[in-house]
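Close look at the chain arrangement
Spelled out, the chains give:
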Amino acid sequence: MSSPSFTPGDRVRLQESPTHLKTAEPRPMLRPPQLVKVGEIGIVTAAYPGDQWAVRFARGSFLFDSQQLERVEG
């Protein structure tokens, strides 16, 4: 099964909580996973190597694997 592909501007829903969050910044930091809740909707801002995506949520921008996200239609 292929992993989903997103483009910047896509709305996505977090469907699986990571063990920690990695900020999408030039100097990334690890943050607690409670900053983004499962089901929360964010906007894809960039693609990163290794099938990772930068997603902006209300409490910051973080990196996620594509398996942790699902596209929100509409």
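Being a predicted model, the structure only gives us computed values, none of them experimental.

The next point concerns the pairing of strand β5 (residues 52–57). Successive residues of a regular strand alternate their side chains across the two faces of the sheet. Here five bridges tie strand β4 (residues 41–48) to β5, and the two strands are oriented antiparallel to one another. Within β5, the position partnered with I43 by the bridge is R56. In this antiparallel pair of consecutive strands, β4 and β5, the connection spans three residues, and G50 shows a positive phi of 80°. In this structure, β5 lies alongside strand β6 (residues 60–65), joined through six bridges in antiparallel fashion. Paired with F57 across the bridge in β6 is G60. Taking the residues between adjacent antiparallel strands as the criterion, β5 and β6 are bridged by two residues.

A few words now on the nonpolar core. Counting 13 residues, the largest nonpolar core has V55, F57, F62, F64 and L69 as the members making the most contacts within it. Counting only elements with at least two residues in this core, the list comes to β1 (11–14), β5 and β6. For this core, the element with the most residues is β5, which contributes three residues. Setting aside chain neighbours within four positions, we find F57 in contact with L14, V36, E40, I41, G42, F62 and F64.

The next thing to look at is the pattern of salt bridges. Counted according to the given criterion, the structure contains two salt bridges. One salt bridge in this structure joins R71 and D10, with 3.2 Å as the shortest N-O distance. With R71 in strand β7 (residues 69–71) and D10 in the segment before β1, the pair connects residues that are 61 residues apart, well separated along the chain. The class of D10 is buried, set by a relative accessible area of 17%. The residue R13 makes a salt bridge to E70 at a minimum N-O spacing of 3.2 Å. Placement of R13 in strand β1 and of E70 in strand β7 is noted, with a sequence separation of 57 residues between them. Among the residues examined, E70 registers a relative accessible area of 31% and is labelled partly exposed.

Procedures and definitions
- Residues numbered from 1 in each chain as written.
- Predicted model: local features only at pLDDT ≥ 70, side-chain atom pairs only at ≥ 80, totals over all residues.
- Heavy atoms only, no water.
- Pairing = 2+ DSSP bridges.
- Helix = DSSP H or I, 4+ residues; strand = E, 2+ residues; numbered from the N terminus.
- Core = buried A, V, L, I, M, F, W, Y, C linked by side-chain atoms within 4.5 Å.
- Buried < 20%, exposed > 50% of the residue type's maximum accessible area, 1.4 Å probe, protein only.
- Contact = heavy atoms within 4.5 Å.
- Salt bridge = Lys/Arg side-chain N within 4 Å of Asp/Glu carboxyl O.

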